[in-house]
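A structural walkthrough
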Amino acid sequence: MRILVTGGAGFIGTTLCRRLLGLDHQVVCLDNFYTGRKQNIRQLLDNKNFELLEHDVVKPFDVDCDQVYHLACPASPPKYQRDPVYTSQICFNGTLNAIRCALNSNARFLLASTSEVYGDPEQHPQHESYRGSVNCNGVRSCYDVGKRIAESITCDFYRSKDLDYRIERIFNTYGMYMDPNDGRVVSNFICQALRGEDLTIYGDGSQTRSLCYVDDLVDGLISHMGGDYMGVCNLGNPEEITVKQLADIVIQEINPNLRSVYRTLPSDDPTRRCPDISIAKDALGWEPKVKLKEGLNKTIGYFKNQLSL
């Protein structure tokens, strides 16, 4: 098939492009490198089945294809808060343009949404039926509410234009091809430790995350895109860990002489985050396989190389 991946130079997008090429598909990577990195896809440029389209999803585009994976959007808080209005434009106009591209080709469409649509959840773990607890006026709302509207227009096009769609609510994901300056907890901790710096914990460290290695996440994306289940699906690791526990593991793996330092918790930072993946298990036959320490060690190896360049 000919497959379009918007945001294909991001760390999830890069892993997805590589996996699709390995399955002998033709891949069109659309990215404007606002947060994606050219170095992620440099090795792919000589592949005859890979095409790079440098373009901003906020502006209309049309690519003849069989499937559209719509991943384009800054996903780390420092990056999506850098220009919140632009983030909102990406979520609405970018999704609108990606859907229209899919409809023009009669292609199947997959939206990469986020666990952030649940906000600071009052239900735990979070099931797809849970409607969330989101601050519509906060500093994270450009992304939280932006992804909600992206889901909304996707479903509106299903109802009005019979769009063949899939929606993935992606929980905390980490792994190779992450930006060392990404600003998310795993990359922050690993890069601080590799630089010999103490690890910065925001709040008291009791807030939880559920960390899924990127290879597992991509397995889930491909399974949903290729399967019959149409609808919303959580993808993430249901094994919950506190931020303090994560810091302790990273310190132990890299440099036991380091310590954690504590800073004020940012506004609207969720205190608990854990997916109910029963739909993914039942409808897709999917669940994560990579254990946390295995995934962290792969990621540490990747960042060691990145920081030495």
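Bear in mind the structure is a predicted one, so any value in this text is a computation, not a measurement.

1. A closer look at the packing of aromatic side chains
Counted according to the given criterion, the structure contains eight aromatic pairs. With centroids separated by 5.9 Å and ring planes inclined at 20°, the aromatic side chains of Tyr 118 and Tyr 130 adopt a geometry described as stacked. Linking Tyr 118 in the loop between strand S5 (108-114) and helix H5 (141-161) with Tyr 130 in the loop between S5 and H5, this pair joins segments that are 12 residues apart in sequence. Here the two residues Tyr 118 and Tyr 130 agree in accessibility, since each one is buried. Between Tyr 174 and Tyr 213 the ring centres are 5.5 Å apart and the planes differ by 70°, which places this aromatic pair in the edge-to-face class. Of this pair, Tyr 174 sits in strand S7 (residues 173-174) while Tyr 213 sits in strand S10 (residues 212-213), and the two are 39 residues apart along the sequence. In this structure, Tyr 174 and Tyr 213 share a single accessibility class: buried. Taken together, the ring pairs in this structure connect Tyr 118, Tyr 130 and Phe 171 into an aromatic cluster.

2. Description of H5
For H5, built from 21 residues, the straight-helix expectation of 30 Å at 1.5 Å per residue is met to within 8% by its first-to-last C-alpha distance of 28 Å. Within H5 the residues assigned to the buried category are Ser 141, Cys 142, Tyr 143, Asp 144, Gly 146, Lys 147, Ala 150, Glu 151, Ile 153, Thr 154, Cys 155 and Phe 157. Looking at the buried side of H5, the elements it contacts are helix H3 (77-80), helix H4 (84-105), S5 and strand S6 (165-170). Looking at the residues trailing H5, positive phi occurs at Asp 162, about 60°.

3. Some details on the sheet that holds S5
What holds strands together in a sheet is hydrogen bonding between their backbones, with the strands either parallel or antiparallel. Strand order in this open sheet of seven strands is S3-S2-S1-S4-S5-S6-S11, and the pairing throughout is parallel. Edge strands, defined here as strands with exactly one partner in the open sheet, are strand S3 (50-54) and strand S11 (232-235). Each neighbouring strand pair of the sheet contributes to a mean axis angle of 20°, computed without reference to strand direction. Pairing geometry for strand S4 (residues 67-70) and S5, over four bridges, is parallel. When the sheet's bridge partners are listed, His 70 is paired in S5 with Leu 111. Contacts from helix H7 (residues 214-226) reach S4, S5, S6 and S11, with the element oriented near 160° to S6.

4. Topic: the pattern of salt bridges
Scanning the model with the defined rule gives 17 salt bridges in all. With a shortest N-O distance of 3.9 Å, Glu 54 and Lys 38 are connected by a salt bridge. With Glu 54 in strand S3 and Lys 38 in helix H2 (residues 38-41), this pair connects stretches of sequence that are 16 residues apart. The closest approach of N and O atoms between Lys 244 and Asp 248, which form a salt bridge, is 2.9 Å. Residue Lys 244 and its partner Asp 248 are both found in helix H8 (residues 243-254); the two are separated by four residues, about one turn of the helix.

5. Some points on the pairing of S4
Residues of S4 alternate between two faces, with Gln 67 and Tyr 69 on one and Val 68 and His 70 on the opposite face, all of them buried. Relative to S4, strand S1 (residues 2-6) is paired through four bridges, and the arrangement is parallel. Across the sheet, the residue bridging to Leu 4 is Val 68, located in S4.

Rules of the game
Residues numbered from 1 in each chain as written. Predicted model: local features only at pLDDT ≥ 70, side-chain atom pairs only at ≥ 80, totals over all residues. Heavy atoms only, no water. Phe/Tyr/Trp six-rings, centres within 6.5 Å; stacked < 30°, edge-to-face > 60°. Helix = DSSP H or I, 4+ residues; strand = E, 2+ residues; numbered from the N terminus. Buried < 20%, exposed > 50% of the residue type's maximum accessible area, 1.4 Å probe, protein only. Expected span 1.5 Å × (residues − 1). Contact = heavy atoms within 4.5 Å. Pairing = 2+ DSSP bridges. Axes fitted to C-alpha atoms, helices over the stretch in contact; angles between N-to-C directions. Salt bridge = Lys/Arg side-chain N within 4 Å of Asp/Glu carboxyl O.

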